[in-house]
Amino acid sequence: MKGNGTKLAFIVAFLVMTIYYLFPSFQYWLEMRNIDRMPEEERVEYLQDNETRIDNMRQKILTLGLDLQGGMHVTLELATHQLIGELSGEYRDEFFDEVLSAAWQQAQAENTDVIQEFVTAFEERDADARLSRYFRSDADNITRRSTNAEIQEWLQNQRDAAVDRAIEIVRNRVDRFGVTEPSIVRQGNNRLVVELPGVTDEERVRDLLRGTARLEFRLTADPEDLRHSLERIIAFYDADDDADDIDLEDEWQDFEQDDQDNPLMRVLIPQGQGVTFGSAAGADTSEVNRLLGSEEVRRLLPRDIELMWTANPQFQAEGRGYYSLIGVRRQIELTGDVITEARPTFDQHTNRPEVSMTMDRQGARTWARVTGANIGRPVAIVLDGVIYSYPVVQGQITGGRSSITGLASSAEAEDLVNILMSGALPAPLDIVQERTVGPSLGEASIRAGFNSALFGLALVIIFMIIYYRTGGAIANIALILNIIFIMGILAAFNATLTLPGIAGIVLTIGMAVDANVLIFDRIREELRAGKSLIAAIDSGYSNSMSAILDANITTFLTAVILFSFGVGPIKGFAITLMAGIAASLFSAIIITRVIVDWMTKDKKWIVSYG
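Numbering of residues starts from 1 in every chain and runs along the sequence as written. Selection of residues for local features in this predicted model requires a pLDDT of at least 70, selection of side-chain atom pairs for listing and counting requires 80 or more, and totals for whole chains, interfaces and linings are taken over all residues. Side-chain numbers come from the whole structure's heavy atoms, not from hydrogens or water.

In this section: the overall build of the chain. By definition, any uninterrupted DSSP run of H or I lasting at least four residues is a helix, any uninterrupted run of E lasting at least two residues is a strand, and each is numbered from the N terminus. Within the chain one finds 21 helices and 17 strands. For 610 residues, the compact-globule formula gives about 25 Å, and the C-alpha radius of gyration of the chain, at 34 Å, lies well above that figure. By principal-axis analysis of the C-alpha atoms, the chain measures approximately 115 × 70 × 50 Å. Burial here depends on accessible area, computed with a 1.4 Å probe over protein chains only, as a share of the maximum for the residue type. Under 20% is buried, over 50% is exposed, and the range in between is partly exposed. Every one of the 610 residues in the chain was classed for burial, and the buried ones make up 45%. Restricting to contacts in the chain with at least 6 residues of sequence separation, those with at least 24 account for 68%. With the radius of gyration taken over C-alpha atoms, the globule rule is written as 2.2 Å times the number of residues to the power 0.38. Here, residues are in contact when the closest pair of their heavy atoms is within 4.5 Å.

Here's what the structure looks like:
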């Protein structure tokens, strides 16, 4: 054992650190097993009383990937074409929209970059035209003299910044949602890959990720103007009627009696009262949008008015929820940028959930001016293009306070607060890929992975003992310690154990004994050459070292490349493989040597290598 003091110190230190980092996982596993055995009522009470302690414990455990504990894998894509449109601001015109639409369709069909397609399509229509007529940025020195190449580079930089900003906002939303160990990484030019372990409410998560959080306060349309527009649009779809002859009461009765020839009135209940244009069942809203979206119909509305749906159904009929179509002005009086605080509350009179908001000083002044000038009129509160509430202003509101009402549940109020306080996305995010893994499938994966690892370990142990005798037994001790060390390294670095990670552990089991096979075969050769056991062991370890290091270093570099360029499961496999290589080198070279030296000291043990 002479000269092994430092090695022993390293082994003990490594073991202590491994136990230190794995103990919370073991403690949490015992706690969960104890909780699962409790009766339902006692379990709920216990979880409420110990919520903080269990949450703290969960923060320190070895994290399982969503393929093992269940969850959602979502790929989001930044709507680059909408970002380009917003960057053009007030300079965009019909020609701009036409070129951008064509470029977007081309990029979708060919899977190419929409910015490149936009510049190409623009120059194809007019080679002498300059994109600088649509874009300005004093901060980035984008002026009317900027070339098309400079504009293209600026648009790409704006997209990169928008994706970075989107990652930050999505991370804030997910953190506020309470997901433990989420993974949010960038993929390519304009995509985000989000992995949310343990999530079960898929629809709520979709809404949370997609919402741009664009809060707007708008004045509503003049009721008389809106009613006349409704009558003209009904007449547009019914050639037999003149707008002056339209009776909204009769149209409503025809709708109820399912006796409508007018295609719009088959799906829209006409209102024409106050600021409500009409109502439609949720399934019919897309058809209403199609009928009202034609250019001829839009010309029948006042130029400064647009129609927006309410976020939630306003009434129920025949088991279906009906949404209202509200007329609001295009001009935005106030945006969500002025919101400094938002929190979920309950209405004192109806006890319905709502979101209470506080504005900054400038926003409070504007809000006081808007409400003071519109007493007795509704003001619409719009989030991401849908109206959450349109309360009638009862008096001037000072102090910068307001609230969003009309929410369906307290969970919706909490999600709204989450979205508002995380900031607005620079452009909408579209879900282009989604995969959900159920908890039961995760349990099956854990069981299958554990069984395969156990089977592989048993085969290796049996082979090593049969083929290398005492040397094989020593290698098996190192092998078991190697697996414990891998788990400790993963826990120490807060890495996530995934199903491919278990595959990496199984692979490491084979690689771990590979080093010992090289060492033991070399020792055998030295013994056959007539050397003593001690001399053969020294030669075996020293002469096989270069081959061992070559094999493990090349594999480690491969794992580094996988970790650098892979995502999701591939990255999980790479992390486990790197941890496995480090642990296997330590156990195969250091631990086995210390054990062999101790057994051969003073010839107290007979060590056989088969």
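More follows now that the structure is in view.
Moving on: helix 7 (residues 114–125). In this scheme, a helix's expected span is set at 1.5 Å multiplied by one less than its residue total. Compared with the 16 Å implied by 1.5 Å per residue over twelve residues, the 16 Å span of helix 7 between its first and last C-alpha is a close match. For helix 7, the N-terminal capping position is held by D113, with its side-chain oxygen 3.2 Å away from the main-chain nitrogen of I115. Here a polar contact is recorded for every N or O atom pair within 3.5 Å, except that within protein the pair must consist of a potential hydrogen donor and a potential acceptor, and residues adjacent in sequence are included only if both atoms are side-chain atoms.

Each residue carries a pLDDT score, the predictor's own confidence in it, on a scale running from 0 to 100. Residue-level pLDDT values for the chain average 83, and 93% of them are 70 or greater. When pLDDT is averaged over each element of the chain, strand 8 (residues 305–309) comes out on top at 92 and helix 11 (residues 248–256) at the bottom at 61.

Any residue with relative accessible area above 30% and no salt bridge may belong to a patch, with like charges joined within 9 Å and the nonpolar Val, Leu, Ile, Met, Phe, Trp and Tyr side chains within 5 Å. Areas reported here follow the Shrake-Rupley algorithm with a probe of radius 1.4 Å; residue values treat only the protein chains shown as occluding. Salt bridges, as used here, are contacts in which a Lys or Arg side-chain nitrogen is within 4 Å of a carboxyl oxygen on Asp or Glu. We treat Lys and Arg as the positive residues and Asp and Glu as the negative residues; His and chain ends play no part in the count. Every charge is mapped to an atom, namely NZ of Lys, CZ of Arg, CG of Asp or CD of Glu. A surface patch of like charges, here negative, comprises E41, E42, E45 and D49. Mapping E45 onto the fold places it in helix 2 (residues 40–49).

What holds strands together in a sheet is hydrogen bonding between their backbones, with the strands either parallel or antiparallel. Judged by pairing direction, the sheet is antiparallel, and its four strands sit side by side in the order 3-4-2-16 without closing on themselves. Each end of this open sheet is capped by a strand with a single partner; those strands are strand 3 (183–187) and strand 16 (429–437). Along the sheet, successive strands turn relative to each other by an average axial angle of 15°, direction set aside. Pairing between strands is defined by DSSP: at least two bridges between the two strands are required. The pairing of strand 3 with strand 4 (residues 191–197) spans five bridges and is classified as antiparallel. Pairing of V185 across the sheet is with V193, part of strand 4. Only the stretch in contact is used when fitting a helix axis, every axis being a line fitted to C-alpha atoms; angles between N-to-C directions are given from 0 to 180 degrees. Packing of helix 9 (residues 202–210) onto the sheet brings it into contact with strand 2 (71–78), strand 4 and strand 16, and relative to strand 16 it is tilted by some 150°.

This part takes up the packing of helix 1 (residues 5–36) against helix 3 (residues 51–59). For any two helices packed against each other, the geometry is given by the interaxial angle and the distance between the axes. The interhelical angle for the contact between helix 1 and helix 3, taken along N-to-C directions, is 140°, at an axis separation of 9 Å. Taken together, the axes of helix 1 and helix 3 lie oblique to each other. Where helix 1 crosses over helix 3, the handedness of that crossing is left-handed. Between helix 1, through P24, Q27, Y28, E31, M32 and I35, and helix 3, the contact on the second element is made entirely by R53, I54, M57 and R58. Its residues assigned to classes, the contact of helix 1 with helix 3 shows six nonpolar, one polar and three charged. Roughly parallel means an angle under 35 degrees; roughly antiparallel, over 145; roughly perpendicular, 65 to 115; everything else is oblique. Each crossing gets its hand from how the near helix is turned against the far one by less than a right angle, where anticlockwise is left-handed and clockwise is right-handed. All residues other than Ala, Val, Leu, Ile, Met, Phe, Trp, Tyr, Cys, Pro, Asp, Glu, Lys and Arg, Gly among them, are scored as polar; the first ten of these are nonpolar and the last four charged.

By nonpolar core we mean a set of buried residues, namely Ala, Val, Leu, Ile, Met, Phe, Trp, Tyr and Cys, connected to one another through side-chain atoms within 4.5 Å. Core analysis: the biggest nonpolar cluster contains 44 residues, and F520, I523 and I591 have the highest contact counts within it. If you list the elements that add at least two residues to this core, you get helix 17 (439–468), helix 18 (470–492), helix 19 (499–528), helix 20 (533–565) and helix 21 (569–600). The contact partners of F520, leaving out residues within four places of it in the chain, are M464, Y468, G471, G472, A475 and Y609. In terms of nonpolar packing, the next biggest core, distinct from the first, is built from 23 residues, W367, V379, Y388 and V417 among them.

A few words on the side chain of T358. Along the chain, T358 falls in strand 12 (residues 353–359). For T358, a relative accessible area of 14% gives the class buried. A polar contact is formed between the side chain of T358 and the side chain of R401, at a distance of 3.1 Å.

Among the secondary structure elements, T80 is positioned in helix 5 (residues 80–88). Residue T80 is classed as buried on the basis of its relative accessible area, which comes to 2%. Separated by 72 residues in the primary sequence, T80 and Q152 place their C-alpha atoms 13 Å from one another. With residues near it in sequence (within four places) discarded, T80 still touches V114, I115, R159 and N190.

Once that is clear, we can look at the pairing of strand 5 (residues 215–220). The buried fraction of strand 5 amounts to six of the six residues, a majority that puts the element mostly inside the structure. By the bridge criterion, five bridges tie strand 5 to strand 13 (residues 379–383) in an arrangement that is antiparallel. The partner of L215 across the bridge, within strand 13, is L383. Bridge analysis of strand 5 against strand 10 (residues 320–335) gives four bridges, and the strand direction is antiparallel. If you follow F217 over to strand 10, its bridge partner there is L334.

Next up on the list: the sheet that holds strand 12. The three strands are arranged 11-12-15 in an open sheet whose pairing can be described as antiparallel. The sheet is open, and its two edges are formed by strand 11 (339–346) and strand 15 (401–404), each paired on a single side. Neighbour to neighbour, the strand axes of the sheet diverge by 25° on average, direction disregarded. Relative to strand 12, strand 11 is paired through seven bridges, and the arrangement is antiparallel. Across the sheet, the residue bridging to A342 is M357, located in strand 12.

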